[in-house]
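# Coordinate inspection notes
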Amino acid sequence: MTADCRSESFGPYAFTLTPAEAEAAAARAGLRLALRGGLLARHLAPLTAFVLIIVFASVLALTGLISRRAGEATLILAAAAFMIQRLANHWRVRRARLEGRAAIARLQSAGAVTATFENDALSLDVDGRMQRLCYTDCDEAEDAGGLIYVWLREGAPIVVPTRALADAEEAARLMSRLTGRIGAIPGADPGR
C-alpha cells in the first residue's frame, strides 16, 4: 500500500533566525502590514484628488468663474491637505515597520524555534510554548529570499529559513503543500 504524499508531515525544523534573516523578515512584514488595506485607496486616491482639485481650481480661476485670490487659496489649502495626508501616511508606514520589526524580534530572541507542518495545521514551539495554527488561520505562504513566510490573517507571520530544511527539493515540496492547503480554504485568496 502506498502512503498518500498529502498526509506527509514536514518537520520538525529547529532553527534560530540570524540577524540578517530577522532584518529581512521584519522589513517584509512591515511592508506587508503597511500596504494592508490597499495601495490604491491610501496612496493613489489622495494624489488623484489633489491633482483634480488643482486642475479644477486653475481652470475656474483662469476662466474668471472664481476670483484669482479664491483660486490661489484653494490651491494652498489643497497642497496643505495633501501634505498632511502624506505625513500621516508616512507615520502609519513607519509604525507598521516598527510593529513588524518588534514581532520578528520576539521570534528571534526566543532562541530555538521548532516548526512542524502537518496535514491540516502547523505547530510552532517557541521556548517551550507550543502554538498550533490551522491553515484556516493563514492568509498566504511564500518563499522569498531564503525564508518561507506563512502569513497569518491576524498577527505576525511564521518565518522558517530554508536552510533549516534538508534541501531545495524539500523546500519546494513544503511550499507546494502550504500553497495547496491555504489555497484550498474557502475564502482564501492564494493569488494575492
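For clarity, every value in this text was computed on a predicted model and none was experimentally measured.

### Some details on the overall build of the chain
If you tally the helices and strands in the chain, you get 4 helices and 7 strands. Starting at the N terminus and ending at the C terminus, the chain contains elements arranged as β-α-α-α-β-β-β-β-β-β-α. Put simply, 61% of the contacts in the chain that link residues at least 6 apart link residues at least 24 apart. Looking at the chain as shown, the accessible area adds up to about 11300 Å², and 62% of this sits on carbon and sulfur atoms.

### Focus on the pattern of salt bridges
One pass over the structure, following the stated rule, counts 9 salt bridges. Residue arginine 32 is joined to aspartate 139 by a salt bridge in which the shortest nitrogen-to-oxygen separation is 3.4 Å. One end of the pair, arginine 32, is in helix α1 (residues 19-35); the other, aspartate 139, is in strand β5 (residues 138-144), with 107 residues separating them in the sequence. We note a salt bridge from arginine 173 to glutamate 169, for which the minimum N-O separation is 3.8 Å. Of this pair, arginine 173 and glutamate 169 both sit in helix α4 (residues 168-183), 4 residues apart, roughly one helical turn. Judged by relative accessible area, glutamate 169 falls into the exposed class, the value being 55%.

### So, the nonpolar core
Among the nonpolar cores identified, the biggest contains 35 residues, and Phe117, Leu122, Val150, Ile158, Leu174 and Leu178 are the most heavily contacted of them. When residues of this core are assigned to their parent elements, the largest contribution, 6 residues, is made by strand β6 (residues 147-152). If we ignore the near neighbours within four places in the chain, the residues touching leucine 174 are Phe10, Tyr13, Phe117, Ile148 and Leu165.

### Section: the sheet that holds strand β2 (residues 113-117)
Strand order across the open sheet formed by 4 strands is β1-β2-β3-β4, with antiparallel pairing between neighbours. Each of the sheet's edge strands pairs with one partner strand only, and the pair in question is β1 (10-15) and β4 (129-134). Direction aside, the axes of adjacent strands within the sheet are offset by 15° on average. Direction of pairing for β2 relative to strand β3 (residues 121-126): antiparallel, over a ladder of 5 bridges. Looking at β3, one finds that valine 113 is bridged to valine 126.

### Re the side chain of asparagine 89
Along the polypeptide, asparagine 89 turns up in helix α3 (residues 68-109). A distance of 2.8 Å separates a polar atom in the side chain of asparagine 89 from a polar atom in the side chain of arginine 92. Residues contacting asparagine 89, with those up to four places away along its chain left out, are Arg42 and His43.

### Structural notes on the sheet that holds strand β7 (residues 158-161)
Strand order in the open sheet formed by 3 strands is β5-β6-β7, and the pairing between neighbours is antiparallel. Each edge of the open sheet carries a strand with a single partner, namely β5 and β7. The average angle at which neighbouring strand axes cross in this sheet is 15°, direction not considered. Of the strand pairs in this sheet, β6 and β7 are connected by 4 bridges, and their pairing is antiparallel. For isoleucine 148, the partnering residue across the bridge sits in β7 and is valine 160. α1 contacts β5, β6 and β7 of the sheet and is inclined by roughly 35° relative to β6.

The rules behind each value
- Residues numbered from 1 in each chain as written.
- Predicted model: local features only at pLDDT ≥ 70, side-chain atom pairs only at ≥ 80, totals over all residues.
- Heavy atoms only, no water.
- Helix = DSSP H or I, 4+ residues; strand = E, 2+ residues; numbered from the N terminus.
- Contact = heavy atoms within 4.5 Å.
- Areas by Shrake-Rupley, 256 points an atom, 1.4 Å probe, with all protein chains shown as cover.
- Salt bridge = Lys/Arg side-chain N within 4 Å of Asp/Glu carboxyl O.
- Buried < 20%, exposed > 50% of the residue type's maximum accessible area, 1.4 Å probe, protein only.
- Core = buried A, V, L, I, M, F, W, Y, C linked by side-chain atoms within 4.5 Å.
- Pairing = 2+ DSSP bridges.
- Axes fitted to C-alpha atoms, helices over the stretch in contact; angles between N-to-C directions.
- Polar contact = N/O pair within 3.5 Å; in protein donor to acceptor, adjacent residues only side chain to side chain.

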